[in-house]
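Examining the three-dimensional arrangement
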Amino acid sequence: MEKAPITDNHPTTLELKNLSFSYPGVPVFQDINLNVQLQGLSQVVGPNGGGKSTLAKLMLGLNDPQVGKVQVLGCEPARAAGSGLIGYVPQHTLFDPHFPIRVVDVVLSGRLKRAWGPYSKEDRRIVQETLEDLGLQNLAERGFSALSGGQRQRVLVARALVGQPKILLLDEPTANIDFESARNLEAYIRTLKDRISVILITHDFDFLTSSVDRVICVNRNIHLHESGQLDADGLRRLFSGHFHALGEAGCQHD
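Quick notes on the nonpolar core
Counting 35 residues, the largest nonpolar core has Val 107, Leu 131, Val 155, Val 157, Leu 168 and Leu 170 as the members making the most contacts within it. Those elements that place two or more of their residues in this core are β3 (41-45), α3 (103-108), α4 (121-133), α5 (149-161), β6 (167-171), α6 (179-192) and β7 (197-201). No other element matches the six residues that α5 contributes to this core. Residues in contact with Val 107, not counting those within four places in the same chain, are Val 127, Leu 131, Val 155, Ala 158, Arg 159 and Val 162. The next biggest cluster of nonpolar side chains, apart from the first, holds 30 residues, and it includes Val 44, Leu 58, Val 218 and Ile 222.

Written out as structure tokens, the structure is:
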């Protein structure tokens, strides 16, 4: 059967249906069901090892469930990601510090849609606008390896955004960057949530909670909490109170 084309009419949703996933000898999710609208900002929280990054890999089609299904934007995750509808900023990025690549070239690589051919004027225009939005225009010709951790993180966010995704997925974006860089990144993400759907995976309760539209709690199970005004203290109370009461099936904080 021919697959229906992906269009802007697809709802911005994440659906998990009877989902089970394990690494060899290590169960992560068992019979999970979730259907959530992702408009605005969604914050995925939970303890280390609880399954946050595994959920991201399932959403990107990098892992396949052993049982059940995952759908993003109404289609299979690998298809959504392969069509450029999901922009991804990983927690760890491997790069050769001696490789002489400029910031502008790193960001341009987010416009790659084929294995050959030059970048178009439209590609370069979008890259330039995105660099300006993130305050990176003065670093465009600088080597990527010469940047600070916070600057590199903003470059990787720019790379993810130039593909003009419907969903931006960030996995622990404040890991290994200083406080000021984290706050600058937070301010920028606040401006994005009205334009595209943003999914932020973090264990940092202080990051972005005042702007979050929903909290997705992950710890071998997944629970959704809709909230437009959940601050860091409220999230801590949620973890220390309600999630502990859920027992092993819930999202205990450790």
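Some words on the layout of surface pockets
Within this model, the largest pocket holds a volume of roughly 740 Å³. Along the wall of the largest pocket there are 29 residues; nearest its centre are Ser 109, Gly 110, Arg 111, Arg 159 and Ala 160. Among the elements of the structure, α2 (77-82), β5 (86-89) and α5 are those that each provide at least two residues to the lining of the largest pocket. Classifying every residue of the lining of the largest pocket gives 16 nonpolar, nine polar and four charged.

Regarding α4
The terminal C-alpha atoms of α4 lie 18 Å apart, and with 13 residues this matches the ideal 18 Å at 1.5 Å per residue to within 8%. Within the span of α4, buried status applies to Asp 123, Ile 126, Val 127, Thr 130 and Leu 131. Axial view of α4: buried residues confined to an arc of 135°, hence all on one face. In the core, the buried residues of α4 are packed alongside α3 and α5. Positive backbone phi, at 65°, marks Gly 135, one or two positions downstream of α4.

Here we look at the sheet that holds β5
The strands that make up a sheet pair up through hydrogen bonds in the backbone, lying either parallel or antiparallel. Here we have six strands laid out as an open sheet, ordered β5-β6-β7-β3-β8-β9, and mixed in their pairing. At either margin of the open sheet sits one strand with a lone partner, and together these are β5 and β9 (222-226). Shown here is a sheet whose adjacent strand axes are inclined to one another by a mean of 15°, direction ignored.

A short note on the environment of Ile 216
Within the secondary structure, Ile 216 is located in strand β8 (residues 214-218). Residue Ile 216 is classed as buried on the basis of its relative accessible area, which comes to 3%. Measuring from C-alpha to C-alpha, the distance between Ile 216 and Val 44 comes to 4.6 Å, with 172 residues separating the pair along the chain. With residues near it in sequence (within four places) discarded, Ile 216 still touches Ser 42, Gln 43, Val 44, Val 45, Ile 222, His 223 and Leu 224.

So, the pattern of salt bridges
Considering all chains together, one arrives at eight salt bridges under this definition. With a shortest N-O distance of 2.8 Å, Asp 105 and Arg 102 are connected by a salt bridge. Taking relative accessible area as the criterion, Arg 102 reaches 32% and is therefore assigned partly exposed. Across the pair Arg 183 and Glu 186 runs a salt bridge whose closest N-O atoms are separated by 2.7 Å. Within this pair, Arg 183 and its partner Glu 186 are both found in helix α6, separated by three residues, close to a single helical turn. Taken together, the salt bridges that share partners define one network made up of Arg 102, Asp 105 and Glu 141.

Describing the environment of Val 72
Structurally, Val 72 can be placed in strand β4 (residues 67-72). When the C-alpha atoms of Val 72 and Met 59 are compared, they prove to be 6.6 Å apart, with 13 residues separating the residues in sequence. Other than its neighbours up to four places away in sequence, Val 72 contacts Thr 13, Leu 14, Met 59, Pro 77, Ala 80, Ile 86 and Ile 167.

What to know about the side chain of Asp 171
With respect to the element layout, Asp 171 can be found in strand β6. Salt bridges are absent for the buried Asp 171, whose nearest opposite-charge side chain, Lys 52, sits at 7.0 Å. Within the structure, Asp 171 has its side chain in polar contact with the side chain of Ser 53 (distance 3.0 Å). With near-sequence residues (within four places) excluded, Asp 171 lies in contact with Ser 53, Tyr 88, Val 89, Pro 90, Gln 91 and Ile 201.

Describing the pairing of β3
For β3, the buried fraction is high: five of the five residues fall into the buried class. The sheet contact formed by β3 and β7 spans four bridges and is parallel. Bridge pairing links Gln 43 to Leu 200 in β7. Bridge count between β3 and β8: four bridges; the pairing is parallel. The residue bridging Ser 42 from the neighbouring strand is Arg 214, located in β8.

The rules behind each value
Every chain is numbered on its own, with residues counted from 1 as its sequence reads. Local features in this predicted model are restricted to residues whose pLDDT is 70 or higher, and side-chain atom pairs enter the listing and the counts only when it is 80 or higher, whereas totals over whole chains, interfaces and linings include all residues. Only heavy atoms go into the side-chain values, all of them from the structure, while hydrogens and water stay out. Residues enter a nonpolar core if they are buried and are Ala, Val, Leu, Ile, Met, Phe, Trp, Tyr or Cys, with the set joined through side-chain atoms within 4.5 Å. Exposed residues in this analysis have more than 50% of their type's maximum accessible area, buried residues have under 20%, and partly exposed residues fall in between, with area computed by a 1.4 Å probe over protein chains only. Secondary structure elements follow DSSP: runs of H or I no shorter than four residues count as helices, runs of E no shorter than two count as strands, and numbering proceeds from the N terminus. Any two residues whose heavy atoms approach within 4.5 Å are treated as being in contact. As defined here, a cavity is a set of points on a 1 Å grid over the protein atoms alone where a 1.4 Å probe fits but cannot get out. A pocket is an open set with protein on both sides within 12 Å along at least five of seven lines, and residues line them when an atom is within 4 Å of a point. Grid points are joined across faces, edges and corners, and a volume is the space filled by probe spheres set on the points. Residues are grouped as follows: Ala, Val, Leu, Ile, Met, Phe, Trp, Tyr, Cys and Pro are nonpolar; Asp, Glu, Lys and Arg are charged; all remaining types, including Gly, are polar. Each residue after the first adds 1.5 Å to the expected span of a helix. Throughout, the arc means that of the directions going from the helix axis to the C-beta atoms. Pairing between strands is defined by DSSP: at least two bridges between the two strands are required. Think of each axis as a best-fit line through the C-alpha atoms, taken over the contacting stretch in the case of a helix, with angles from 0 to 180 degrees between the N-to-C directions. The rule for a salt bridge is simple: a side-chain nitrogen of Lys or Arg has to be within 4 Å of a carboxyl oxygen of Asp or Glu. His is not counted here, nor are the chain ends, while Lys and Arg score as positive and Asp and Glu score as negative. In protein, a polar contact means a hydrogen-donor-capable atom and an acceptor-capable atom, both N or O and within 3.5 Å, with residues adjacent in sequence counting only if both atoms are side-chain atoms; elsewhere, any N or O pair within 3.5 Å suffices.

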